[in-house]
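Okay, here's what each chain looks like letter by letter:
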Amino acid sequence: MTAQPIRVLVVEDDPVAADAHVMYVGRVPGFEAVGTAHTGAEARRILDRTPVDLLLLDLHLPDVHGLQLARSLRAAGRHADVIAVTSARDLAVVREGVSLGVVQYVLKPFTFATLRDRLVRYAEFRAAAGEASGQDEVDRALAALRAPRPAALPKGLSGPTLERVTVALRDAGEGLTATGVAEAVGISRITARRYLEHLVDAGRAVRRPQYGTVGRPELQYRWVTGR
């Protein structure tokens, strides 16, 4: 007998981001997006008529904070788990969410690979059943929810500089060349190019020739929206 897919409700006020999240969920085996809500009120209406196992929940909704929504759902006896999607990095919010059924946090912007990893780990945690034989088995069940350590950066790249390059590129909107990033961050053009190429390889940026200049066109890099 085929196991039932894990039913996911996407709660996201940005329609473009919501569509992307639904698409991401649909690409992970064992998961099914059963609806999309753009407000807390809409999420409640869907939950009244549709069985849901997991909420992919944006914390900044137009009518209610995501954690307030989660709290009201718990008070109403709804036990769907929550993966919070947010750009907020306040660890106090993270701690508050733990008591409300938030099993994972995904920081915006994120890639499909990041969400896929969180969903797969959630499925492993959810599949654990029966009585644990000892502490080791309990630890293994809980460890399924923990994200792996970030992959090591290529030699010569540092996390703080990568973050500065990322912010500069993301804030640029229309994109930047390696020269533009170098000036914004205060690094050499060659170094900037290495960081930008790393972001391209990770699927977080795209490159394209910048025409209209004399001589060989310089590559322009643009942040991939929603990642």
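Here the structure is a predicted model, which is why all the values come from computation and not from measurement. (Residues numbered from 1 in each chain as written. Predicted model: local features only at pLDDT ≥ 70, side-chain atom pairs only at ≥ 80, totals over all residues. Heavy atoms only, no water.)

**Some words on the packing of helix H2 (residues 40-49) against helix H3 (residues 66-75)**
- At their nearest, the axes of H2 and H3 sit 11 Å apart, and the two run at 30° to each other. Judged by the angle between their axes, H2 and H3 are roughly parallel. Read as a crossing pair, H2 and H3 show a hand that is right-handed. Of H3, the residues touching H2 (which contributes Gly40, Ala43, Arg44 and Leu47) are Leu69, Ser72 and Leu73. (Axes fitted to C-alpha atoms, helices over the stretch in contact; angles between N-to-C directions. Helix = DSSP H or I, 4+ residues; strand = E, 2+ residues; numbered from the N terminus. Parallel < 35°, antiparallel > 145°, perpendicular 65-115°, else oblique. Left-handed = near helix turned anticlockwise from the far one by under 90°. Contact = heavy atoms within 4.5 Å.)

**Section: the sheet that holds strand E7 (residues 205-210)**
- Taken together, three strands build an open sheet; the order of strands is E6-E8-E7 and the sheet is antiparallel. Each having just a single partner strand, strand E6 (176-177) and E7 make up the two edges of the open sheet.
- Here six bridges tie E7 to strand E8 (residues 218-223), and the two strands are oriented antiparallel to one another. Counted as the bridge partner of Gln210 is Glu218 from E8.
- This element, helix H9 (residues 189-201), spans E6, E7 and E8 of the sheet and lies at about 50° to E8. (Pairing = 2+ DSSP bridges.)

**Quick look at helix H1 (residues 15-26)**
- Between the first and last C-alpha of H1 there are 17 Å, a value that for 12 residues agrees with the 16 Å anticipated at 1.5 Å per step.
- Of the positions making up H1, those classed as buried are Ala17, Ala18, His21, Tyr24 and Val25. All buried residues of H1 lie within an arc of 120° about the axis, which places them on one face of the element. Exposed positions of H1 whose direction lies more than 90 degrees from the buried face are Val16, Asp19 and Gly26.
- Residues of H1 that are buried sit in contact with strand E1 (6-11), strand E2 (31-37), strand E3 (54-58), strand E4 (81-86) and helix H5 (112-127).
- Among the residues of H1, the N-terminal cap falls to Asp14, whose side-chain oxygen and the backbone nitrogen of Val16 are separated by 3.0 Å. (Expected span 1.5 Å × (residues − 1). Buried < 20%, exposed > 50% of the residue type's maximum accessible area, 1.4 Å probe, protein only. Arc of directions from axis to C-beta. Polar contact = N/O pair within 3.5 Å; in protein donor to acceptor, adjacent residues only side chain to side chain.)

**Comments concerning the nonpolar core**
- If you look at the biggest cluster of nonpolar residues, it comprises 22 residues, and the most contacted ones within it are Leu9, Val11, Leu55, Leu57 and Leu69.
- Contributing elements (two or more residues each) for this core: E1, H2, E3, H3, E4 and strand E5 (102-107).
- It is H3 that contributes the most residues to this core, four residues altogether.
- When neighbours within four sequence positions are excluded, Leu57 is seen to be in contact with Val11, Gly66, Leu69, Val82, Ile83, Ala84 and Val85.
- Counting residues in each nonpolar core, the second largest holds 19 residues, with Phe31, Leu54, Leu56 and Leu115 among its members. (Core = buried A, V, L, I, M, F, W, Y, C linked by side-chain atoms within 4.5 Å.)

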